[in-house]
Amino acid sequence: MENYADIYYLVCKIKQILTPRQADCLFLAREGYNNHDISRQLFIAESTVKKNFEDMFIRNNVNSRIQVLDLFYLTLLDIIADYLIKNHNITILDILQNY
């Protein structure tokens, strides 16, 4: 059951940054899609894509897609570090020094 708790924690932490649809938009943008292409890929209006990005910026107090991606990846690293410390008594410093 502990694994489900970890997954639930991960999902909650990520949802603080992005909704599932915002994540779809962001990761397509990361792949080089523009707003028009994202809207076609996700079958939504281009104005909806723009609104998703605006909401991401406001929600996370950032100004660009790159900053949202940075925040997303830093949050993932934080979650991984918490998991390693809690479950394996390993710190990120241990990993950097030994690998």
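Our subject is the structure that appears above.
It should be emphasised that the depicted structure is a prediction, and the values quoted were computed from it without experimental measurement.

Bringing unusual backbone geometry into the picture now. Located in the positive-phi region is Phe 43, a residue other than glycine, with phi close to 60°. Counting through the fold element by element, Phe 43 comes out in the loop between helix H3 (35-42) and helix H4 (46-60). Positive phi is not limited to glycine here, since Asn 89 has a value of about 55°. A relative accessible area of 66% means that Asn 89 is categorised as exposed.

Oppositely charged side chains may form a pair once their charged atoms are brought near each other. Inspection of the entire model under this criterion finds 3 salt bridges. For Arg 30, the salt bridge identified is with Glu 31, shortest N-O distance 2.9 Å. You can call Arg 30 partly exposed: its relative accessible area is 41%. Looking at Glu 31, the relative accessible area reads 52%, which means it is exposed. Close ionic contact of Asp 55 with Lys 51 constitutes a salt bridge, the shortest N to O distance being 3.0 Å.

On to the environment of Val 49, then. Examined against the element boundaries, Val 49 turns out to sit in helix H4. With 11 residues separating them along the chain, Val 49 and Ile 38 place their C-alpha atoms 7.1 Å apart. Setting aside its immediate chain neighbours within four residues, Val 49 contacts Cys 25, Asn 35, Ile 38, Ser 39 and Ile 44.

Here the focus is the packing of helix H2 (residues 20-30) against H3. The N-to-C vectors of H2 and H3 enclose an angle of 130°; their axes lie 10 Å apart at closest approach. Considering the angle they form, H2 stands oblique to H3. Considering the relative orientation of H2 and H3, their crossing is right-handed. Touching Arg 21, Asp 24, Cys 25, Leu 28 and Ala 29 of H2 are Ile 38, Gln 41 and Leu 42, all from H3. Classifying every residue of the contact of H2 with H3 by side-chain character gives 5 nonpolar, 1 polar and 2 charged.

With that settled, consider the nonpolar core. Counting 20 residues, the largest nonpolar core has Leu 18, Cys 25, Leu 26, Ile 38, Phe 53, Met 56 and Val 68 as the members making the most contacts within it. Put simply, the parts of the chain that give this core at least two residues each are H2, H3, H4 and helix H5 (65-88). Among the elements that make up this core, the one with the highest residue count is H2 (5 residues). Excluding its chain neighbours within four sequence positions, the residues that come into contact with Val 68 are Leu 18, Leu 26, Met 56, Phe 57 and Val 62.

Conventions used here
- Residue numbers run consecutively from 1 along every chain, following the written order of its sequence.
- A pLDDT threshold of at least 70 governs which residues receive local features in this predicted model, and a stricter bar of 80 or more applies before side-chain atom pairs are shown or counted, although totals over entire chains, interfaces and linings include all residues.
- Based on all heavy atoms of the structure, the side-chain values leave hydrogens and waters out of the count.
- A run of H or I in DSSP counts as a helix once it spans at least four residues, and a run of E counts as a strand once it spans at least two, with each numbered from the N terminus.
- Partly exposed residues are those whose accessible area sits between 20% and 50% of the maximum for their type, while under 20% is buried and over 50% is exposed, using a 1.4 Å probe and protein chains only.
- The term salt bridge refers to a side-chain nitrogen of Lys or Arg lying within 4 Å of a carboxyl oxygen of Asp or Glu.
- We call two residues contacting when some pair of their heavy atoms lies within 4.5 Å.
- Angles run from 0 to 180 degrees between N-to-C directions of axes, and those axes are lines fitted to C-alpha atoms, restricted for helices to the stretch in contact.
- Every angle not falling under 35 degrees, over 145, or within 65 to 115 is termed oblique; those three ranges are roughly parallel, roughly antiparallel and roughly perpendicular.
- Each crossing gets its hand from how the near helix is turned against the far one by less than a right angle, where anticlockwise is left-handed and clockwise is right-handed.
- Three classes are used: nonpolar for Ala, Val, Leu, Ile, Met, Phe, Trp, Tyr, Cys and Pro, charged for Asp, Glu, Lys and Arg, and polar for all others, with Gly counted as polar.
- Within this scheme, the nonpolar core is defined by two criteria: the residues are buried Ala, Val, Leu, Ile, Met, Phe, Trp, Tyr or Cys, and they are joined through side-chain atoms within 4.5 Å.

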